[in-house]
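Spelled out, the chains give:
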Amino acid sequence: MAQLYFRYSTMNAGKSIEVLKIANNYEEQGKRVLLFTHRIDDRYGVGRITSRIGPSRDAIAIDDTLDIFEETAAHRPLHCVLVDEAQFVNRAHVLQMCRIADELNVPVICYGLKTDFQAHLFPGSEALLCYADKVEEVKTVCWYCNRKALFNMRVQNGQPVREGEQVLIGGNESYVPVCRKHFFADELPAL
């Protein structure tokens, strides 16, 4: 029986490289996969999954109008559906992913952030936490110490940013993974 997986972490934990690695592993065995990513993250182009360490490939771009179930059904036979940037999907998308696992018997593996820079759940993450068969943490360490990173801290000029829009697309110049101690710190140590 296929399942819906949600694998979450802070930024810089290697989520995108995991998506690409899993796709490669299936394809090396002659199995078909379908990749999705949300169109809001356009740093490397719309519909592109790119790891910070280099590898990249095309994916179907998700927006509010896309029916992930219908798109997946149209590409059968499939062995796996992989979703990057899953925090940006909506509840309807997550319910469509449930249908993919339950009705099409195709596993769906989602990777994304659990919370934003203010420690609030993203809508997609909240729905995945509610509906996923398996929820797994991908661990990484705080940029300022060796504790486990729990939060995505938005930074500007090396200092914490506490207010702003929930979504600001960026990489290391805008976000760092931090532990709880550094998340609540008024000033951050120099890197």
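Now for a quick tour of the structure. (Residues numbered from 1 in each chain as written. Predicted model: local features only at pLDDT ≥ 70, side-chain atom pairs only at ≥ 80, totals over all residues. Heavy atoms only, no water.)

**Examining the pairing of strand 9 (residues 151-156)**
Of all six residues that make up strand 9, five are buried, and the element is covered over most of its length. Where strand 9 and strand 11 (residues 175-178) come together, four bridges link them in antiparallel fashion. In the sheet register, Arg-154 faces strand 11, and the bridge partner there is Tyr-175. Across two bridges, the pairing between strand 9 and strand 10 (residues 159-160) is antiparallel. (Buried < 20%, exposed > 50% of the residue type's maximum accessible area, 1.4 Å probe, protein only. Helix = DSSP H or I, 4+ residues; strand = E, 2+ residues; numbered from the N terminus. Pairing = 2+ DSSP bridges.)

**A short note on the pattern of salt bridges**
Counted under the stated rule, the structure contains six salt bridges. With its nearest N and O atoms 2.6 Å apart, the salt bridge here joins Arg-7 to Glu-136. Of this pair, Arg-7 sits in strand 1 (residues 4-9) while Glu-136 sits in strand 8 (residues 134-137), and the two are 129 residues apart along the sequence. A relative accessible area of 29% places Glu-136 in the partly exposed class. Here Arg-48 and Asp-58 are joined by a salt bridge, their closest N and O atoms 2.5 Å apart. With Arg-48 in strand 3 (residues 48-50) and Asp-58 in strand 4 (residues 56-58), the pair connects residues that are ten residues apart, well separated along the chain. Look at Arg-48 and you get partly exposed, because its relative accessible area is 28%. Asp-58 gets classed as exposed once you look at its relative accessible area, which sits at 56%. (Salt bridge = Lys/Arg side-chain N within 4 Å of Asp/Glu carboxyl O.)

**Points about the state of the cysteines**
By definition, a disulfide links two cysteine residues through a covalent bond between their sulfur atoms. Scanning all chains against the criterion turns up zero disulfides. Cys-179 takes part in no disulfide bond, and the closest cysteine sulfur to it belongs to Cys-145, at a distance of 3.7 Å. For Cys-179, a relative accessible area of 1% puts it in the buried group. (Disulfide = S-S within 2.5 Å.)

Bear in mind that shape data such as this cannot, by itself, settle questions of function.
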